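# Summary of structural features
These are the residues of each chain, in order.
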Amino acid sequence: MATEHIVKGFLASRSPALVAEDWNLLVHATGAVDLIHVGAQKPLVHNGRSIDAAEAMNRARYFAPGLCSKQRYQEVLRARNGVAHLGWHEESVTERVMATCSDLVDALLNELSEDKSIFWGSWLTARGTLDKEHIGTLTKQVEWKVARAKATFRERFEQPGITAPERSPVPRVDEDELARVNACSACGREGFLIGQISSASGSSGALFRADRFICGLCGLRLVVEEFNLLGLPESGPLRTSDVVDFSTHHGGAELTDLEEQIMWDLAWESHQDEDPEKSS
């Protein structure tokens, strides 16, 4: 549906009248509504109809002939209609449909002489993994997780008067688990490796083994199988300076509204991740 709006936006950049399906919208899109004589009833713009997704693509091809094929776009339309009208989508074609939509957007950006890196922002690298068979599923998964986390961080903190904390609030952990500080690969602040003390001791003392990573500031959540792709350590010597106790992390200081909201988000996400049998 977002792609449909982008295609219509491209048409509107050529002329707003190109997206009009009926008289009500056409007369407003052309500016002719101001020329209607005083005695006539003026059409209401909110009663107007725009063209559908298929017709939008047909018209766009007159101005940008290098767009994706009709066959590829038909698959996009089927996915769009399934979600819009039935709330259903065939998961096996998800990545291919996303790749088609992204290729279409890139083609329109070229037509408009717009910078792709500005449009995609933190999603640019992840966008490049779509429908690339030589890129493993795990790599794609991690790229999209990082991209989403970067976008979340910007939405939360890149606003006037808001400064991002240097460290994430500590997520809820089980009684036998520890939270160890580690730099976040998405936002660059301090997140936490969550794990346990290994039964096997290292040469310099106890060994910490992590099974997941969480950053409450940007929302990045990783499992141990994903660590290697981002250079996160799975294990290491247990340093007491790295381990943060949940109950004393804030030193009794009152949480800001933003920190409190993040804490609630982390608690809810942890609850959602729990094994139903374990939590029942």
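Moving on, we get to the overall build of the protein chain. Each helix and strand in the protein chain was counted, giving eleven helices and five strands. Evaluated residue by residue, the protein chain yields a buried proportion of 35% over its 280 residues. A separation threshold of at least 6 residues defines the contact pool for the protein chain, and within that pool the share at least 24 residues apart is 57%. For the protein chain, the computed accessible surface area is about 16,800 Å², with 52% contributed by carbon and sulfur atoms.

Further remarks concern the packing of helix H3 (residues 53-63) against helix H4 (residues 70-86). One can describe the packing of H3 onto H4 by two numbers: an axis separation of 11 Å at closest approach and a directional angle of 155°. As summarised for this structure, H3 and H4 are arranged roughly antiparallel, according to the angle between their axes. Taken as a pair, H3 and H4 cross one another with a handedness that is right-handed. In this structure, H3 uses Ala53, Ala54, Met57 and Arg61 to contact H4, whose residues at the interface are Lys70, Tyr73 and Leu77. Looking at the contact of H3 with H4, its residues break down into five nonpolar, no polar and two charged.

Here the focus is the environment of Ile197. Its place among the elements puts Ile197 in strand S2 (residues 190-197). For Ile197, a relative accessible area of 48% gives the class partly exposed. Between the C-alpha atom of Ile197 and that of Ser235, which follows or precedes it by 38 residues, the distance is 9.4 Å.

Bringing the state of the cysteines into the picture now. This model, assessed by the stated rule, comprises zero disulfides. Cys101 carries a free sulfur, and the closest cysteine sulfur to it, the one in Cys68, is 8.1 Å from it. Given a relative accessible area of 12%, Cys101 falls into the buried group.

What follows concerns unusual backbone geometry. Backbone geometry follows two general trends: most residues other than glycine have a negative phi, and most peptide bonds adopt the trans configuration. If you check the backbone angles, Ser113 has positive phi at about 55° while not being a glycine. With respect to the element layout, Ser113 can be found in the loop between helix H5 (94-111) and helix H6 (116-120). Under the relative-accessibility criterion, Ser113 is labelled exposed at 68%.

Attention now moves to the pairing of strand S3 (residues 207-214). Bridge analysis of S2 against S3 gives six bridges, and the strand direction is antiparallel. Its bridge partner being in S3, Gly195 is matched across the sheet by Ala210. Pairing of S3 with strand S5 (residues 235-237) involves three bridges; the strand directions are antiparallel. Directly across from Arg209, in S5, lies its bridge partner Ser235. Direction of pairing for S3 relative to strand S4 (residues 221-223): antiparallel, over a ladder of three bridges. Note that in S4 the partner of Phe213 across the bridge is Leu222. Hairpin connection from S3 to S4: six residues lie between these consecutive antiparallel strands, with Gly219 at a positive phi of about 85°.

Moving on, we get to the packing of helix H1 (residues 2-14) against H3. Any two packed helices are characterised by how steeply their axes cross, that is the angle between the axes, and by the distance between the axes. Contact geometry for H1 and H3: axes closest at 9 Å, N-to-C directions at 45°. Classed by the angle they form, the pair H1 and H3 counts as oblique. For the pair H1 and H3, the crossing hand works out as left-handed. Taken together, the residues of H3 that come into contact with H1 (itself represented by Glu4, Val7, Lys8, Phe10, Leu11 and Arg14) are Ala53, Ala56, Met57, Arg59, Ala60 and Phe63. Tallied by class, the residues present in the contact of H1 with H3 amount to eight nonpolar, no polar and four charged.

We now examine H3. For H3, every residue scored as buried is listed here: Ala53, Ala56, Met57, Ala60 and Arg61. All buried residues of H3 fall inside an arc of 140° around its axis, so they share one side. At its buried positions, H3 is contacted by H1, H4 and H5. You can read the cap of H3 off the contacts: a side-chain oxygen lies 3.3 Å from the backbone nitrogen of Ala54, and it is on Asp52.

On to the nonpolar core. The biggest cluster of nonpolar side chains holds 22 residues, and the ones touching the most others in it are Leu67, Tyr73 and Leu104. Put simply, the parts of the chain that give this core at least two residues each are H1, H3, H4 and H5. Element by element, the count of residues in this core is highest for H5, at five residues. In this view, Leu67 contacts Met57, Ala60, Arg61, Leu104, Ala107 and Leu108; residues no more than four positions away in its chain are not counted. With 20 residues, the next largest nonpolar core counts Ala149, Ala164, Ala210 and Phe213 among its residues.

Rules of the game
Residues numbered from 1 in each chain as written. Predicted model: local features only at pLDDT ≥ 70, side-chain atom pairs only at ≥ 80, totals over all residues. Heavy atoms only, no water. Helix = DSSP H or I, 4+ residues; strand = E, 2+ residues; numbered from the N terminus. Buried < 20%, exposed > 50% of the residue type's maximum accessible area, 1.4 Å probe, protein only. Contact = heavy atoms within 4.5 Å. Areas by Shrake-Rupley, 256 points an atom, 1.4 Å probe, with all protein chains shown as cover. Axes fitted to C-alpha atoms, helices over the stretch in contact; angles between N-to-C directions. Parallel < 35°, antiparallel > 145°, perpendicular 65-115°, else oblique. Left-handed = near helix turned anticlockwise from the far one by under 90°. Nonpolar A, V, L, I, M, F, W, Y, C, P; charged D, E, K, R; others polar. Disulfide = S-S within 2.5 Å. Pairing = 2+ DSSP bridges. Arc of directions from axis to C-beta. Polar contact = N/O pair within 3.5 Å; in protein donor to acceptor, adjacent residues only side chain to side chain. Core = buried A, V, L, I, M, F, W, Y, C linked by side-chain atoms within 4.5 Å.

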